[in-house]
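Tertiary structure, described
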Amino acid sequence: MLYTARPPRPTAELDFGLLWLVLGLLATGLVMVYSASLAIAEAARYTGHNGEFYLIRQAIFIVVGIGVGVAVFQVPMRVWQQAAPYLFLGGLLLLVVVLIPGIGREVNGSRRWIPLGFSNLQPSELMKFLAVLYAADYTTRKAAFMHDLKKGFLPMAAVMMTTGVLLLSEPDFGAFVVIVGIAMGILFLGGLNWKVFAGLVLVLLFGFAALILSSDYRRERLLNFMDPFKDPYGSGYQLSHALIAFGRGEWFGLGLGGSVEKLFYLPEAHTDFLLAVIAEEFGFVGVVVVIGLFAWLIVKAFLIGHRAARLERHFCALVAQGIGIWFGVQALINMGVNVGLLPTKGLTLPFLSFGGSGIVANCLAIAVLLRIDWEQRQMMRGKTF
């Protein structure tokens with residue numbers, strides 16, 4: 001008998017381990033955003049801000065994100081699969097809108113935000129989630145052609161290239177890398193021929209190299225991250241101070257609030273370089289804990305995907321694993337940037353860094369992950385969706 005999905009009770013057979021893990025990350029981020037932003041918020045009092053400005057806004061973003069997550073949890077996965085292509089087209093439209101002068105807001109030479117009054121919408125954050133849905137739906141529909149370069153990969157490549165052109169026009173190279181990572185990972189997990197996959201990885205590496213070398217700005221970032229202390233007051237300023245923060249933290253850190261680098265030395269301390277502040281205040285141990293929490297989150301996403309695959313719910317399996325890839329790739333890039341293993345990029349640390357669009361998109365993804373797991377638990381009790 002076909003089971004008609006009722007709006008599930010939020011407490012009915014949820015994966016509470018995943019739920020508490022995410023709430024722990026959000027709470028940690030709230031505390032660290034407050035610590036990292038206190039000085040800059042106090043300095044902006046002349047604009048009407050106060051020391052709790054970023055704390056209050058981050059708390060609002062988290063509440064909104066949780067509210068969105070509760071609403072999204074009510075939506076059956078079959079509805080997401082049916083809507084995936086249309087939602088992705090809507091995301092592409094937002095990427096076009098943000099580039100229109102007078103609509104998109106430009107900050108530091110990048111046009112990535114659409115003003116909404118009390119906050120700004122960053123379409124590239126939402127596109128990461130939509131890319132997961134679209135790539136999972138595409139791979140499921142094209143499962144019989146995953147061995148075929150022409151029928152299996154090239155249509156997806158055309159879509160990703162279109163997305164890439166729009167993102168690089170902002171420019172937002174970091175989001176482009178994450179979205180390409182999501183698409184490639186889902187295609188591979190969906191059965192893309194490994195020889196084709198290996199060849200495409202090489203092509204992508206050459207493509208990224210060409211993009212970097214063709215831009216003076218990107219080329220300068222690449223060269224300077226290799227030796228940030230060569231120009232510590234210029235192009236190496238951010239990374240050099242991030243490394244100083246890591247060094248000052250040593251094993252156990254200076255204690256909550258003890259960071260010196262956040263006092264106007266380290267730019268974007270509450271967003272892109274929040275991990276450096278964590279390292280300075282909680283040391284090597286604090287950083288290991290953060291890495292461990294993300295590793296646990298990624299493993300849980302893949303386990304949920306594995307269980308979905310065993311139940312032959314292939315779309316759900318790829319969505320769950322795609323969410324794991326998304327958080328893994330973005331966290332890895334952010335952490336790599338903070339410790340100087342990767343060139344400086346404007347990518348936040350999921351769940352922790354300050355930012356409304358990112359927090360809401362992250363909560364939305366977790367709600368879908370919880371929904372996948374919830375439906376599977378119901379199916380094991382004899383219900384179908």
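Residues numbered from 1 in each chain as written. Predicted model: local features only at pLDDT ≥ 70, side-chain atom pairs only at ≥ 80, totals over all residues. Heavy atoms only, no water.

Our next topic: the environment of Ala183. Position of Ala183 among the secondary structure elements: in helix α6 (residues 173–189). Of the residues examined, Ala183 reaches a relative accessible area of 3% and is grouped as buried. A sequence separation of 143 residues divides Ala183 from Trp326, and the C-alpha atoms of the two residues are 9.5 Å apart. Those residues in contact with Ala183 that sit more than four places away from it in its chain are Ala135 and Met160. (Helix = DSSP H or I, 4+ residues; strand = E, 2+ residues; numbered from the N terminus. Buried < 20%, exposed > 50% of the residue type's maximum accessible area, 1.4 Å probe, protein only. Contact = heavy atoms within 4.5 Å.)

Moving on to the pattern of salt bridges. Enumeration according to the criterion identifies 10 salt bridges in this entry. Glu106 is the salt-bridge partner of Arg111, the closest N and O atoms lying 3.1 Å from each other. Judged by relative accessible area, Glu106 falls into the partly exposed class, the value being 45%. Note that Glu375 is salt-bridged to Arg371, the shortest N-O span being 2.7 Å. Here Glu375 and its partner Arg371 are both found in helix α12 (residues 356–379), 4 residues apart, which amounts to about one turn of the helix. The network of salt bridges with shared partners includes Arg307, Asp373 and Arg377. (Salt bridge = Lys/Arg side-chain N within 4 Å of Asp/Glu carboxyl O.)

Bringing the packing of helix α4 (residues 123–141) against helix α11 (residues 314–338) into the picture now. Interaxial distance between α4 and α11 falls to 9 Å at its minimum, and their mutual angle equals 145°. Viewed along their axes, α4 and α11 form a crossing whose handedness is right-handed. Counting all contacts with α4, which are made through Glu125, Lys128, Phe129, Val132, Leu133, Ala136, Asp137, Thr139 and Thr140, the residues of α11 involved are His314, Phe315, Leu318, Val319, Gly322, Ile323, Trp326 and Gln330. Taken together, the residues of the contact of α4 with α11 sort by class into 9 nonpolar, 5 polar and 3 charged. (Axes fitted to C-alpha atoms, helices over the stretch in contact; angles between N-to-C directions. Left-handed = near helix turned anticlockwise from the far one by under 90°. Nonpolar A, V, L, I, M, F, W, Y, C, P; charged D, E, K, R; others polar.)

With that out of the way, let us pick up the nonpolar core. In terms of nonpolar packing, the biggest core is built from 102 residues, with Val319, Phe351 and Val368 touching the most fellow members. In this view, Phe351 contacts Val22, Leu25, Leu26, Gly29, Phe294, Leu297, Phe327, Ile359, Asn362, Cys363 and Ile366; residues no more than four positions away in its chain are not counted. (Core = buried A, V, L, I, M, F, W, Y, C linked by side-chain atoms within 4.5 Å.)

This part covers a nonpolar patch on the surface. On the surface, Trp251, Phe252, Phe284, Val285, Val288 and Val289 cluster together into a nonpolar patch covering about 650 Å² of accessible area. As for its position among the elements, Phe284 is in helix α10 (residues 274–310). (Patch = residues over 30% accessible without salt bridge, like charges linked within 9 Å, V, L, I, M, F, W, Y side chains within 5 Å. Areas by Shrake-Rupley, 256 points an atom, 1.4 Å probe, with all protein chains shown as cover.)

The next subject is helix α3 (residues 77–97). Over its 21 residues, α3 extends 28 Å from the first C-alpha to the last, a length consistent with the 30 Å expected when each residue adds 1.5 Å. Of all the bends in α3, the largest measures some 55° and sits at Ala84, one to four residues before the proline Pro85. Of all the positions in α3, only Met77, Trp80, Ala84, Phe88, Gly91, Leu92 and Leu95 are classed as buried. Elements that come into contact with the buried residues of α3 comprise α2 (53–73), α4, α5 (149–169), α11 and α12. (Expected span 1.5 Å × (residues − 1). Bend = angle between axes of the 7 residues up to and from the residue.)

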